[in-house]
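Working through the structure, step by step
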Amino acid sequence: MRLFSATIATETNTFSPLPTSLAAYQECVFLRPGEHPQDTPLMCTAPLFVARRRAAAEDFTLIEGSCFAASPAGTTNRADYEFMRDEILAQLKAALPLDGVLLGLHGAMVAHGYDDVEGDVIERVRALVGPGCIIGVELDPHCHLTLKRVRASDIIILYKEFPHTDVVERAEDLLTLVLRTIRKQVTPVMSLYDCRQIASYPTTLPLMRAFVDKTAAMEGKDGVLSVSIGHCFPYADVAELSGRILVITDNDKAKADRLATEIGQEFISMRGRTAPDYLSIEDGIDTAVTFNASPVVMADPADNAGGGAPSDNTTILRRLIERDVPDAAVGPIWDPIAVRLCFDAGEGASFPLRFGGKIGPTSGAPIDAMVTVTALKRDCWQSFGPTQVPLGDCAAVKVGGVEVVLISNRTQALGLELFRNLSIEPAERKLVVVKSTNHFMAAFGPIAKKVIYVDADGPLSRDYRRIPYAKVQRPIWPLDAETAPGLIL
Ligand SMILES: [Zn+2]
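The shown structure was predicted, so the numbers you read here are calculated from the model rather than taken from an experiment.

Considering the overall build of the protein
Check the secondary structure of the protein and you find 13 helices and 19 strands. Taking 489 residues into account, the globule formula puts the C-alpha radius of gyration at 23 Å, and the protein, at 23 Å, falls close to it. Summed over all atoms, the accessible surface of the protein reaches about 17,600 Å², with 51% contributed by carbon and sulfur. Taken as two groups, the 49 positive and 61 negative side-chain charges of the protein have centres that lie 2 Å from each other.

Observations concerning helix α6 (residues 167-182)
With 16 residues, α6 should cover 22 Å at 1.5 Å per step; its first-to-last C-alpha distance of 23 Å lies within 8% of that length. Every buried residue of α6 is accounted for by Val167, Val168, Arg170, Ala171, Leu174, Leu175, Leu177, Val178, Leu179, Thr181 and Ile182. Immediately downstream of α6, the backbone of lysine 184 shows phi near 60°, a positive value.

What to know about the packing of aromatic side chains
One pass over the structure, following the stated rule, counts 10 aromatic pairs. Three or more aromatic residues joined by ring pairs make a cluster, and in this case those are Tyr201, Phe211 and Phe267. Positioned over the ring face of phenylalanine 343 is arginine 378, at 4.0 Å from the centre of the ring. The cationic tip of arginine 410 hangs over the ring face of tryptophan 334; the distance from NZ or CZ to the ring centre is 5.9 Å.

Observations regarding the environment of proline 141
Looking at the secondary structure, you find proline 141 in the loop between β5 (134-139) and α5 (147-152). For the pair formed by proline 141 and isoleucine 157, sequence separation is 16 residues and the distance between their alpha carbons is 9.0 Å. Not counting residues up to four positions away in its chain, the partners in contact with proline 141 are Leu158, Tyr159, His164, Ile229, Gly230, His231 and Cys232.

Re the sheet that holds strand β15 (residues 387-399)
Strands pair in a sheet through their backbones, by hydrogen bonds, and they do so in one of two ways: parallel or antiparallel. Across the sheet, which stays open at both edges, the 9 strands sit in the order β10-β18-β11-β17-β12-β16-β15-β14-β13 with mixed pairing between neighbours. The sheet terminates laterally at β10 (278-279) and β13 (350-355), the two strands that pair on one side only. For strand β14 (residues 367-384) and β15, the ladder comprises 10 bridges, and the chain directions are antiparallel. In the sheet register, glutamine 382 faces β15, and the bridge partner there is valine 389. This element, helix α9 (residues 281-290), spans β10, β11 (296-299), β17 (431-434) and β18 (450-454) of the sheet and lies at about 170° to β18.

Regarding the packing of helix α2 (residues 46-54) against α6
The interhelical angle for the contact between α2 and α6, taken along N-to-C directions, is 60°, at an axis separation of 9 Å. One finds that α2 runs oblique with respect to α6. The two elements α2 and α6 meet at a crossing, and its hand is right-handed. Together, Ala46, Pro47, Val50, Ala51, Arg53 and Arg54 of α2 and Val167, Val168, Ala171, Glu172, Leu174, Leu175, Thr176 and Leu179 of α6 make up the contact between the two elements. A per-class count over the contact of α2 with α6 returns 10 nonpolar, 1 polar and 3 charged.

Observations concerning the side chain of serine 228
Along the polypeptide, serine 228 turns up in strand β8 (residues 224-230). A distance of 3.0 Å separates the side chain of serine 228 from the backbone nitrogen of leucine 158, its partner in a polar contact.

Regarding the layout of surface pockets
Each pocket or cavity is described by its volume, and for the second largest pocket that value is around 280 Å³. Lining the second largest pocket are 15 residues; nearest its centre among them are Gly272, Ala275, Arg462, Tyr464 and Trp477. Class assignment for the residues of the lining of the second largest pocket results in 8 nonpolar, 3 polar and 4 charged.

What to know about the sheet that holds strand β19 (residues 486-487)
Reading across the sheet, the 4 strands line up as β8-β9-β7-β19 and stay open at both edges, with antiparallel pairing between neighbours. Of all strands in the sheet, those bounded by a partner on one side alone are β8 and β19. Pairing of β8 with strand β9 (residues 244-250) involves 6 bridges; the strand directions are antiparallel. In the sheet register, serine 228 faces β9, and the bridge partner there is leucine 246. Contacts from helix α8 (residues 253-269) reach β7 (188-194), β8, β9 and β19, with the element oriented near 30° to β7.

A word on the coordination of the zinc ion
Around the zinc ion, the protein contributes the donor atoms Asp140 (OD), Asp140 (OD), His142 (ND1) and His164 (NE2), which lie 2.1 to 2.5 Å from the metal centre. Coordination geometry of the zinc ion: the 4 donor atoms subtend angles of 54 to 142° at the metal centre, consistent with an arrangement described as irregular.

Examining empty space enclosed by the protein
Any space left empty among the atoms is revealed by the rolling of a water-sized probe across them. Under the definition given, this model contains 2 cavities of 30 Å³ or more. Of the voids in this model, the largest cavity is the one considered here, and its volume is about 50 Å³. Lining the largest cavity, in full, are Leu158, Tyr159, Lys160, Val212, Thr215, Val227, Ser228, Ile229 and His231. Contributing elements (two or more residues each) for the lining of the largest cavity: α7 (206-216) and β8. In terms of residue class, the lining of the largest cavity is built from 5 nonpolar, 3 polar and 1 charged. Each pocket or cavity is described by its volume, and for the second largest cavity that value is around 40 Å³. Considered class by class, the residues forming the lining of the second largest cavity number 4 nonpolar, 1 polar and 2 charged.

Regarding the environment of histidine 164
You can see histidine 164 is positioned in the loop between β6 (155-158) and α6. Spatially, the C-alpha atoms of histidine 164 and proline 202 are 9.7 Å apart, while their sequence positions differ by 38 residues. If we skip the residues at most four places from it in the chain, histidine 164 touches Asp140, Pro141, His142, Tyr159, Phe384 and His439. Among the polar contacts listed, one links the side chain of histidine 164 to the side chain of aspartate 140, at a separation of 3.0 Å.

Looking at the pairing of strand β12 (residues 328-334)
Within β12, 7 of the 7 residues are buried, which leaves the element mostly enclosed by the surrounding structure. When β12 meets β17, the two strands line up parallel, connected through 4 bridges. Across the sheet, alanine 329 pairs through a bridge with valine 432, a residue of β17.

About the cut-offs
- Residues numbered from 1 in each chain as written.
- Predicted model: local features only at pLDDT ≥ 70, side-chain atom pairs only at ≥ 80, totals over all residues.
- Heavy atoms only, no water.
- Helix = DSSP H or I, 4+ residues; strand = E, 2+ residues; numbered from the N terminus.
- Rg over C-alpha atoms; globule rule 2.2 N^0.38 Å.
- Areas by Shrake-Rupley, 256 points an atom, 1.4 Å probe, with all protein chains shown as cover.
- Lys, Arg positive; Asp, Glu negative; His and termini not counted.
- Charge placed at Lys NZ, Arg CZ, Asp CG, Glu CD.
- Expected span 1.5 Å × (residues − 1).
- Buried < 20%, exposed > 50% of the residue type's maximum accessible area, 1.4 Å probe, protein only.
- Phe/Tyr/Trp six-rings, centres within 6.5 Å; stacked < 30°, edge-to-face > 60°.
- Lys NZ or Arg CZ within 6 Å of the ring centre and 35° of its normal.
- Contact = heavy atoms within 4.5 Å.
- Pairing = 2+ DSSP bridges.
- Axes fitted to C-alpha atoms, helices over the stretch in contact; angles between N-to-C directions.
- Parallel < 35°, antiparallel > 145°, perpendicular 65-115°, else oblique.
- Left-handed = near helix turned anticlockwise from the far one by under 90°.
- Nonpolar A, V, L, I, M, F, W, Y, C, P; charged D, E, K, R; others polar.
- Polar contact = N/O pair within 3.5 Å; in protein donor to acceptor, adjacent residues only side chain to side chain.
- 1 Å grid on protein atoms, 1.4 Å probe; cavity = no way out; pocket = protein on both sides within 12 Å on 5 of 7 lines; lining within 4 Å.
- Points joined across faces, edges and corners; volume = space filled by probe spheres on them.
- Donors = N, O, S within 2.8 Å, 3.2 Å for Na, K, Ca; no water.
- Tetrahedral: all angles 85-135°; square planar, octahedral: opposite > 155°, others 65-115°.

What follows is the structure, given as structure tokens:
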């Protein structure tokens, strides 16, 4: 039995002022066959990682393709996308004949000229491998579950958790299902229900937690092979942006249709109740400074690099400095130039620094302040589940009672190392401000005495009605009050 695996992945915010070129992949994940590390999966590479570990014991040969992944940002350069895609397709062609293909994709990648990158990749893979080869795909729930990609695949499995702590488990599920299909133990059929809605669904909140647990419990019995909840990725102007439910059964299309419809209707009934409350900046700071335990963790989801934002918005930070809030830590602010200046100044130095507020109008104005460089460290990383996310060279600067973590490699707040690398212990601060939508909860949730979500003026507005969509199919909630959800496959 011969399986091939490869990755091409990013999450594209088509409104982002940061274009994505080959350099962004080279800085993140850019691995040729055999170069993937043995001990940890990287962004979207879990299918290859898992298949490599299980190949010998489960009696198949894994042919490794390239793995390319970039941090979320703007639309990928067309020539660079085609270069990476064609490299993988050439490897695939050389690996024929194949029984199965495992693709580690993200699901919300857009390149210039390709609004549905994953649909393009999967269709081209299908054209090469033929109808008899089993194509299995792992996607992030912040994906566009387009008809093109579902039609061209045999099995698609999305992560269930947000924060995405189950990437490896879902890749294990995918490999198991692909192997069972190749061995003719099951015949997967997929149904897709379109809920016609845009929203955010952290699984750390009780309503969504219960929904995910209930639908996950349906798997593995009564012929139900897999249930995936597609959250959608709101910051992309693509036609098929929408919350969608994907159900896979063992050769029972009517059952898959029925279940996808039932689950979809329940998902629709949860509209408006799945995201946390978002406070204004002033209310958020008031709540934090008067709360009687610490730390309070305050999230700034509108400037989340994980959604393609620059992560250099200064609005919350400026108010903390202006209000002279004591014992606060803020991170990360992406500003490699400021980091360089801090290294030039040296640890312990006080000097006038301009930082943050650089990339676009949604970054706010830069902070100009007399700062003290409290710590410097090269080649930092933070953990996210089993993965290590590079931060590059980092600097901590102090302005009044506020310490700020400046990073060189743009990413969101994920692990406590973001602060600890620079001798800031987040558990001992009164207030910790993190730029992240919800992934921060995996590490910061357990140390937080209280978590506050603030809707600041970064580019990822929590009010989707303010996003200037042009291509998104209408009607869709909450842009339109009346929608027409239904089974589409
Ligand atoms: Zn995601």
